[in-house]
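What follows is the residue order along each chain.
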Amino acid sequence: AAGVYNWRFGSGRQRPMRVESLTGPVILSLIIATVFQLIPTSGVWIFWRPNFLLLVVIAWILYIPDRFGIGFAAMVGLLADTLFRTTLGHYVLVFAVCGTIAYLLSRWLMYLSMFHRAILIFIITICAELIQAMLFSIWDVPFALNYSPTVAAFAALSWPIVDLLISRVQVRRP
C-alpha cells in the first residue's frame, strides 16, 4: 500500500479508501507562515518576531515524520534563504539542524502535553538563534543574541496555535 488507508465496511468486503494528498495543506501552511514572517514590523518588535516558517516545519515533522523529515526542512530553509535574502545555505543549515532535532524526538513528543512541546520549541528556537549567531560571526556580521530568549519565548507562546492548526490536518492512521 502506497498511502494511508481508511477501511470502509460494506457488502461484506473491505475496500480501501485513499486519504487525500497533503500537498494543499502543506503549501497553504507555508504560505500563511511566509505572510506572517513578512508582515512589516517597526522598531524593536522586529527582533521579537518568531520564525513562523521554522514553527510550521517543526509542526509538520512532529506530526507526520514519515512524510516530512530533514529534506523537507532543508527545502523550506532554501525558501527562507530566498525570502530573507541571506547567503544561500544559511537557513538551510538552521532548518536542517532544527528539523533533525524535531525528527529525532517526534515519536516521544506526540505523547507529551502542549506545555512540554512548547518548552521544546523554546529550546529548538534557542538552538536556531545560536546557529544563526555562529554563522553570522563567521561572516563578521553583528548579531544581537540578547533578543534570543524573547524570540524563543514568543515562539513558545505562538506554538499552541500552530500546533492546533497543523494537528487538525493530520492524517488519521488506522
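The structure presented is a predicted model; accordingly, all values stated were derived computationally and were not measured.

Moving on, we come to the side chain of Arg49. Turning to its location among the elements, Arg49 is positioned in the loop between α1 (23-38) and α2 (52-63). A distance of 3.2 Å separates a polar side-chain atom of Arg49 from the backbone oxygen of Gln37. A polar contact is formed between the side chain of Arg49 and the backbone oxygen of Ile39, at a distance of 2.5 Å. The contact partners of Arg49, leaving out residues within four places of it in the chain, are Phe36, Gln37, Leu38, Ile39, Thr41 and Val151.

What follows concerns the packing of α2 against helix α4 (residues 90-109). Two numbers describe how α2 lies on α4: the axes approach to 8 Å, and their chain directions differ by 35°. Like other packed secondary-structure pairs, α2 and α4 cross with a definite hand, here right-handed. Together, Leu53, Leu54, Val57, Ile58, Ile61 and Leu62 of α2 and Phe95, Cys98, Gly99, Ala102, Tyr103, Ser106 and Leu109 of α4 make up the contact between the two elements. Classifying every residue of the contact of α2 with α4 gives eleven nonpolar, two polar and no charged.

This part takes up the confidence of the model for the protein. Within the protein, residue pLDDT values average 85, and 86% of them lie at 70 or more. Averaged pLDDT values for the elements of the protein fall to 39 in strand β2 (residues 13-18) and rise to 96 in helix α3 (residues 70-84). Across residues 1-19, where pLDDT falls below 50, the model places 26 contacts with residues more than four positions away in sequence or in other chains.

The rules behind these values
Residues numbered from 1 in each chain as written. Predicted model: local features only at pLDDT ≥ 70, side-chain atom pairs only at ≥ 80, totals over all residues. Heavy atoms only, no water. Helix = DSSP H or I, 4+ residues; strand = E, 2+ residues; numbered from the N terminus. Polar contact = N/O pair within 3.5 Å; in protein donor to acceptor, adjacent residues only side chain to side chain. Contact = heavy atoms within 4.5 Å. Axes fitted to C-alpha atoms, helices over the stretch in contact; angles between N-to-C directions. Left-handed = near helix turned anticlockwise from the far one by under 90°. Nonpolar A, V, L, I, M, F, W, Y, C, P; charged D, E, K, R; others polar. pLDDT = per-residue confidence, 0-100.

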